[in-house]
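# Residue-level structural notes
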Amino acid sequence: MKSVASTSFQGLILALQRYWAEQGCVILQPYDIEVGAGTFHPATALRALGPEPWRAAYVQPSRRPTDGRYGENPNRLQHYYQLQVILKPAPADSQDLYLKSLAALGIDASKHDIRFVEDDWESPTLGAWGLGWEVWLDGMEVSQFTYFQQVGGIECDPVSTELTYGLERLAMYVQGVENVYDLDFNGVAGAGRITYGDVFLRAEREFSAYNFERADTAILVRHFEDAERECNALVNAGDENANRPKLALPAYDQCLKASHLFNLLDARGVISVTERAAYIGRVRALAKACCETWLAGAGGKF
Amino acid sequence: MTGELLLELLSEEIPARMQRRAIEELTRHLDEWLRVHRIPPTEPIRGYVTARRLTAIVNGIPKQLPESNEERRGPRVGAPQQALDGFLRSVGLDSAEQCEVRDTGRGEFYFAVIHRSGRAAVEVLPDLIYSTLMGVEWPKSMRFPAARLSWVRPLTSVLCLFDGQVLPLSLDEVPVGRMTRGHRFLSQGEIAVENAADYLDRLEAAYVILDQDRRRDIIAADLDRLAQNEGLTVKPDPSLLEEVRIRNISLASSPTGRWRRAFCSSPTT
């Protein structure tokens, strides 16, 4: 029997981090810019490119403004956590490594129905796609498993394995809880007990209101344009001779900001269908330029 | 003298919607290539598919490609040079001197005699199988580090036996040999296989019923038996049974369950 502490929300995170550290991953911290998914962290999006081996794992908050439900829906959040693993090149035993990580959480594969169900991943804004599965645990999706084929429109060579655990889903399953806000966060009994709702319910309510009602769309549009301009300036205006090289990582930060601003505009409902496609195209162009700059600078001055 | 070919492509989970077409493609291409190499099997190819494997079992493949002389009639002597050149190219000869000239009674014609020496089937099978794999078309396929070949998901291993001997097929770093694996969760480790009959037995012992028709029959029989025991009637659903036959299962067993009546209607708005 697992102790309560180890099935707590933070206990699951610690167990997964420990497991992936043992597989030779560097354990990173969340990236400090709003992103829609762990894939956008430069440790995945940029490091998936180029020939260098790379193994990393980290928790990443995912901000999805349109998914907010004012704290009233037991399953939907505008801010939730993913635990992201990137293994490059994709090891031949990727699936076994993943299944062993479930075992490390106390999930016995011989007692549960675990399935790899076709789910090909793509991110239009990142210009990325891969083939893989969603992993079902007794009929519920708990992870995404992808073999990256392209990022920023560039072929991944070698191909990487990307694993994404939906931490709240997994914790709800492990704890047998029906409402995300009832999750045991810290595994402490009695007065010191902290639930997911204690930590995040107010944030869900306030950010839902901000995302859907209050965010100033004129400011968002302006900030989007600023981020786009800054990103382009950093990837285009480089002058190697004047010792002003292109700056892939700062440019990519601006790309991430533009992406999140677009998501906020989308949540505010001020973007028409055609505008939407145009915005996605603009973010993709930034991502592509950042990826190319990243690759071109590999092994260079920095 | 004929031999038995056993080919199994063990991979990570094949999307359910692609499984049936994949095994059809594999057996069709294999059959075509066997004919191209003039070793057509005397029996139809048997194809099997589970979530993780495509298997072809071929009985009656000639062990020896026959030695042959084929005669091809070319253009009439004195025909335009262009016609003669085209004919020479088509039979793989360099000049008209390599042809015989014969009078057929309706004039003199060039004849080419194409000699094909007899070869052992094992010499052509590896390339033939590689060509077969290259020919399988997936709705979406991917690259993976172990091989240059694109496949629907990474290949785990390839079992490739002709008359019990491992064929020297090369797929970069994908292991090729006489090893397979059983059910992902109910069976552990690798299994060495001697031939097709042994393969089917060992898989079944490792919780994989390979033959999709047998899986369907087991499920259908179970349904009837369970219904009789419980005094129920089975609502026939051939398309569901067909989906179960092919789909993401390699075992067949049927439990009974119940829904509470309250869950048997949809909420109204």
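What you are looking at is a predicted structure, and each value in this text was computed from that prediction instead of being measured. Counting of residues starts from 1 at the beginning of each chain's written sequence and follows it residue by residue. Following the order in which they are written, the chains are lettered starting with A and the ligands numbered starting with 1. Per-residue local features are limited, in this predicted model, to residues with pLDDT of at least 70; the limit for side-chain atom pairs, both in listing and counting, is 80 or more; totals at the level of whole chains, interfaces and linings are taken over all residues. Hydrogens are left out, water is left out, and the side-chain values use all remaining heavy atoms of the structure.

### So, the sheet that holds strand E7 (residues 108–116) of chain B
Note on sheets: strands pair through backbone hydrogen bonds, and any given pair is parallel or antiparallel. All names here are of chain B. In plain terms, the rule: One requirement defines pairing of two strands: DSSP has to find at least two bridges between them. Labels follow the DSSP assignment, with helices taken as runs of H or I lasting at least four residues and strands as runs of E lasting at least two, numbered in each case from the N terminus. In this description, a line fitted to the C-alpha atoms serves as the axis of each element, helices being fitted only across the stretch in contact, and the angle between N-to-C directions of two axes falls anywhere from 0 to 180 degrees. For this analysis, residues touch if any pair of their heavy atoms sits within 4.5 Å.
The strand order E5-E7-E6 describes an open sheet built from 3 strands, whose pairing is antiparallel. Only two strands of the sheet have a single partner each, and these edge strands are strand E5 (68–76) and strand E6 (100–103). Averaged over neighbouring strand pairs, the angle between their axes works out to 35° when direction is ignored. Pairing of E5 with E7 involves 7 bridges; the strand directions are antiparallel. Within E7, the position partnered with Glu71 by the bridge is Val113. Lying over the sheet, helix H2 (residues 81–91) contacts E5 and E7, oriented at roughly 170° with respect to E5.

### Things to note about the pairing of strand E10 (residues 147–151) of chain B
Residue and element names in this part refer to chain B. Note the following rule: For each residue, the accessible area found with a 1.4 Å probe, counting protein chains only, is set against the maximum for its type, and the residue is called buried under 20%, exposed over 50%, and partly exposed in between.
Side-chain alternation along E10 places Ala147, Leu149 and Trp151 on a buried face and Arg148 and Ser150 on a face that remains uncovered. In this structure, strand E9 (residues 142–144) lies alongside E10, joined through 2 bridges in antiparallel fashion. Residue Phe144 lies in a different strand from E10, and its bridge partner there is Ala147.

### So, the packing of helix H8 (residues 248–267) of chain A against helix H9 (residues 273–296) of chain A
Residues and elements named next belong to chain A. What counts, and what does not: Should an angle fall under 35 degrees it is called roughly parallel, over 145 degrees roughly antiparallel, and 65 to 115 degrees roughly perpendicular, with every other angle called oblique. By definition, turning the near helix anticlockwise from the far helix through less than a right angle yields a left-handed crossing, and turning it clockwise yields a right-handed one.
It is the contact of H8 with H9, at a shortest axis distance of 9 Å, that shows an interaxial angle of 165°. Our classification of the angle between H8 and H9 gives roughly antiparallel. For the crossing formed where H8 meets H9, the hand is left-handed. The segment H8 lies against H9, with Ala248, Leu249, Ala251, Tyr252, Cys255, Ala258, Ser259, Phe262, Leu265 and Asp266 engaging Arg276, Tyr279, Ile280, Val283, Leu286, Ala287, Cys290, Thr293 and Trp294.

### Here we look at the packing of aromatic side chains
Residues and elements named next belong to chain A. For clarity, the threshold we go by: Each Phe, Tyr or Trp ring, with Trp reduced to its six-membered ring, pairs with another whose centre is within 6.5 Å; inter-plane angles below 30 degrees give stacked pairs, above 60 give edge-to-face pairs, and intermediate values give tilted ones.
Under the definition given, this model contains 21 aromatic pairs over all chains. Taking 6.2 Å as the distance between ring centres and 55° as the angle between the ring planes, the aromatic pair formed by Phe9 and Tyr81 counts as tilted. One end of the pair, Phe9, is in helix H2 (residues 9–22); the other, Tyr81, is in strand E3 (residues 79–88), with 72 residues separating them in the sequence. Using a relative accessible area of 17% as the deciding quantity, one classes Tyr81 as buried.

### Digging into unusual backbone geometry
Leaving glycine out, the prevailing phi sign among residues is negative, and the prevailing peptide bond configuration is trans. Of the consecutive residues Lys88 of chain A and Pro89 of chain A, the connecting peptide bond is found in the cis state with omega at 0°. In this model, Asp157 of chain A is joined to Pro158 of chain A through a cis peptide bond whose omega is 5°. Mapped onto the secondary structure, Pro158 of chain A falls in the loop between strand E8 (154–155) and strand E9 (161–166). One non-glycine residue, Asp138 of chain A, adopts positive backbone phi at about 45°. Mapped onto the secondary structure, Asp138 of chain A falls in the loop between strand E6 (128–137) and strand E7 (140–151). In this model, Asp172 of chain B sits at a positive phi of 55°, which is unusual for a non-glycine residue. Topologically, Asp172 of chain B is positioned in the loop between strand E12 (165–166) and strand E13 (176–177). For Asp172 of chain B, a relative accessible area of 33% puts it in the partly exposed group.

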